[in-house]
Amino acid sequence: MNKAQIFRELGLKAKMDGANCGGEWFASSNDIIEVHSPTTGELLGKITQASAADYAKVMKASQKAFVEFRAMPAPLRGEIVRQVGEALRAKKDALGSLVSLEMGKILTEGLGEVQEMIDICDFAVGQSRFLSGPTLQSERPGHRMMEQWHPLGTVGIISAFNFPVAVWAWNTALAWIAGDTCVWKPSSKTPYCAIACQNIVNEVFKANGLSEGVSAVVVGRGSTIGERLINDKRIPLVSATGSTRMGKRIGEVVGARLGRTILELGGNNALIISEKADMKGALASSFFGAVGTAGQRCTSTRRLIIQEKVYNTFIKKLVGLYEKVNIGDPLDPKTLMGPLIDEGAVEDYENAIKAAQEQGGKVLYGGKVKRAGKNRRRTFVLPTIIEIANKAQIVQDETFAPIVYVMKYKKLDQAIKLHNDVPQGLSSAIYTDSMSEGETFLSYKGSDCGIANVNIGTSGAEIGGAFGGEKETGGGRESGSDAWKAYMRRQTNTLNWGGEVHLAQGVKFDV
Ligand code: UN1
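Reference entry: report on the structure contained in this document.

Assigned secondary structure in the chain consists of 15 helices and 23 strands. Viewed in the frame of its principal axes, the chain has a C-alpha envelope of about 80 × 60 × 40 Å. Each of the 511 residues in the chain was classed as buried or not, and the buried ones make up 57%. In the chain, once contacts between residues fewer than 6 apart in sequence are set aside, the share between residues at least 24 apart is 73%. With an accessible surface of roughly 21,500 Å², the chain has 51% of that area assigned to carbon and sulfur atoms. Each charge class in the chain can be summarised by its mean position, and for the 61 positive and 54 negative side chains these summaries are 2 Å apart.

Moving on, we come to unusual backbone geometry. Non-glycine residue N455 carries a positive phi angle of around 60°. You can see N455 is positioned in the loop between β19 (451-454) and β20 (466-467). Positive phi is not limited to glycine here, since S479 has a value of about 75°. Inspection of the secondary structure assignment puts S479 in strand β22 (residues 478-479). Residue S479 is classed as buried on the basis of its relative accessible area of 2%.

Moving on, we come to the side chain of S434. Secondary-structure assignment places S434 in the loop between β18 (427-431) and α15 (435-442). Taking the relative accessible area as the measure of exposure, S434 reaches 17% and is therefore buried. A polar side-chain atom of S434 sits 3.0 Å from the main-chain amide nitrogen of E437.

The subject of this paragraph is the packing of aromatic side chains. For the coordinates displayed, the defined rule picks out nine aromatic pairs. By way of ring pairs, the aromatic residues W168, W176, W184 and F205 are connected into one cluster.

A few words on the site of the ligand. Within the structure, the ligand sits among E116, N162, F163, W170, E264, R297, C298, T299, S459, G460, A461 and F467. Note that a nitrogen atom of the ligand is positioned 2.7 Å from one of the side-chain N or O atoms of E116. Contact distances for the ligand include 3.5 Å between an oxygen atom and a side-chain N or O atom of E264. Considering the ligand on its own, with 320 Å² of exposed area, one finds that the protein chains cover 100% of that surface. Viewed by domain, the shell around the ligand spans two of them, domain 1 (3-265 + 474-491) and domain 2 (269-462), each represented by three or more residues.

With that settled, consider the pairing of strand β7 (residues 154-158). Most of β7 is tucked away: five of the five residues are buried. Of the two faces of β7, both are covered, the one formed by T154, G156 and I158 as well as the one formed by V155 and I157. With five bridges joining them, β7 and strand β8 (residues 181-185) adopt parallel strand pairing. Each bridged residue has a counterpart across the sheet, and for I157 the counterpart in β8 is W184. Crossover connection from β7 via helix α6 (residues 166-177) to parallel β8: handedness right-handed. As paired strands, β7 and strand β10 (residues 237-241) are joined by four bridges and run parallel to one another. Of the residues in β10, the one forming a bridge with V155 is L237.

What follows concerns the nonpolar core. Formed by 134 residues in total, the largest nonpolar core has its most connected members in L95, L98, M117 and Y405. Every residue in contact with L98, bar those within four places of it in the chain, is listed here: I6, F7, L10, L12, M103, Y192, C193 and A196. Of all hydrophobic cores here, the second largest spans 23 residues; its members include A61, I158, I235 and L263.

A word on helix α3 (residues 74-90). An ideal rise of 1.5 Å per residue puts 24 Å on 17 residues; α3 measures up with 24 Å between its terminal C-alpha atoms. Of the residues making up α3, those classed as buried are A74, R77, G78, I80, V81, V84, G85, A87 and L88. Along the long axis of α3, the arc covered by the buried residues comes to 165°, so they all point the same way. Packed against the buried residues of α3 are α2 (52-69), α4 (92-103), α5 (107-127), β6 (143-151), α6 and α7 (191-207).

Parameters at a glance
- Residues numbered from 1 in each chain as written.
- Predicted model: local features only at pLDDT ≥ 70, side-chain atom pairs only at ≥ 80, totals over all residues.
- Heavy atoms only, no water.
- Helix = DSSP H or I, 4+ residues; strand = E, 2+ residues; numbered from the N terminus.
- Buried < 20%, exposed > 50% of the residue type's maximum accessible area, 1.4 Å probe, protein only.
- Contact = heavy atoms within 4.5 Å.
- Areas by Shrake-Rupley, 256 points an atom, 1.4 Å probe, with all protein chains shown as cover.
- Lys, Arg positive; Asp, Glu negative; His and termini not counted.
- Charge placed at Lys NZ, Arg CZ, Asp CG, Glu CD.
- Polar contact = N/O pair within 3.5 Å; in protein donor to acceptor, adjacent residues only side chain to side chain.
- Phe/Tyr/Trp six-rings, centres within 6.5 Å; stacked < 30°, edge-to-face > 60°.
- Near = heavy atom within 4 Å.
- Domains from an automatic or database assignment.
- Pairing = 2+ DSSP bridges.
- Right-handed = clockwise from strand over helix to strand, strands pointing away.
- Core = buried A, V, L, I, M, F, W, Y, C linked by side-chain atoms within 4.5 Å.
- Expected span 1.5 Å × (residues − 1).
- Arc of directions from axis to C-beta.

On their own, these measurements won't tell you what the molecule is for.
Written as C-alpha cells, this is what we have:
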C-alpha cells in the first residue's frame, strides 16, 4: 500500500487537528508538528497539537461519558470491543502499513502489531463475562462475604513511538470492558497512528450509539498535555510506556496525589546461551531479539551471556547472519531492518558505541551509520555486536537501538548473576536443553524479570500473559492474565442475611 491509499483508507489528511473525543477533530494551539517518514524524510503531514483548553474539553467529555458507560453491562461493553476487533481486522493492512510508514518497523512487524490489537480485543471480549471476585466464608452466623469489581473512571494512557498502536489497544480493550473511559496522549513522533486508531473506534462507537468521550486522543506536548494529565485528580489511573526517566516523573506526580500507575519502562533484556543449548534456536532467537524492530522494542535483546565453550562459534554464526541483513524501506518485503525513528536516535546509537569503546568494548560487527533507502538518509544504522563487560556503565543503560552486548560465562550461577546485575527487569530468556538449568532460571534464584522464557527469545510476548517488569521497569502489568484488575476498583462486601447483628472478632457491645 502506498501513502495515498493508507491515508484514504484510514481517514487521514495532510493537515489535521490533534484532539478528538468522538466527533470532529479539533485543536486550538499554534503549535504544529511536522510528521516525517523516518525512511525517506518525506513530509507525511502536519498536526496541530492540542492546547490546555482542548485538554479541558476532552476531559469534560470523558467524565460525562464515564457516568453512562459504567452503567452498561460488562458483556455489552465486551460486544463493543468485539466490534472494535472486527474493525481492526478490516483495516489491518492499512493500519499495519501506516505503522511501517510512520514508525519505520518492517511490514510484517507492523501487521503483527495490529494482530496484537486484535488478539487483546478477543481476549477482552471473553474477559468481559468474567470480571469476577470470590465469595468468602464469613465468621459471623448468617452472613456472607464477597468481592466485586467496579469501573474506575477515566484512564490516562501515555504511549511511546515504538508500539504506536498496540500498547494503546492493550490498555483500552481492558479499560473499556471494565467500564472506564480513556484519554490517550500518544507519542508526538507517531500522531497519525493515534489518529487512525481513534477514527476506527469512532465509527464503531457511533454505530452503537455510544456517547462521545469513551475514547479520546490528545496529541500534544508533554509540558502542556502530559503534565496536565498526570496531575489531574479526575484520572485515577495513568498507564504509561516509555523511558525510566519519564516513568519516574509520572510515578512521583501520580503517587503524590495517591493515584495509581501502570508503568512499563526500560528493559535491559538478556538471553543466556548455555553450552547445552540448541544452537540453531538460540541463534534465530538472538537474531530476532537484537535486530528485529531495529532494536526498538522494550523487550529487544540487549545482552547475550554465552557459555565460554560455545562463545566463539556462536558469535561467528551470529556475525554471519548480521552480514546478510537487508537494511532499507520497511514497506519493501525484502527488508529485514528499517530505519531508526529519527536522527536523534541515530545520535544515541553513535554515542553508545563510542562510550562502549571507551569503556573497554570491542565492536565485533557494525557500529556505523549506513545510508540506505531512496534518499540515503542518516536514519539507518548497521546492527551492532559489541563484546564488553556487563559492569560497563553503557551496558547498564538502555539504548533504544540495534546494539547487542556480548559476554562470556563459565557456570550458570555466574550467568544468572550477570543477568540480574542491571537496574532494569523486563524480559529475559535462557537457551538450554537441560531441564535443571531451565528450571533454575525460572526459580526464585533465577531471573529477576517480569518475563522469563526458556528456549524462546526475550521479545515478541503474546497478549495472553501479563506484560511488564520489575525494578526500574516500573512494576506494572498490562495485557493478559489478571491485568484487567488494575483498571477496576475492588470492593469487599459483607451481607447479613440471618438478621442478627454479630460483631467480628467476638466483640460484645450491648447495654
Ligand atoms: C514494547 O516494546 O513496548 O513482547 C512492547 C513484545 C511485544 C510488545 C513490546 N509484544 O515484544
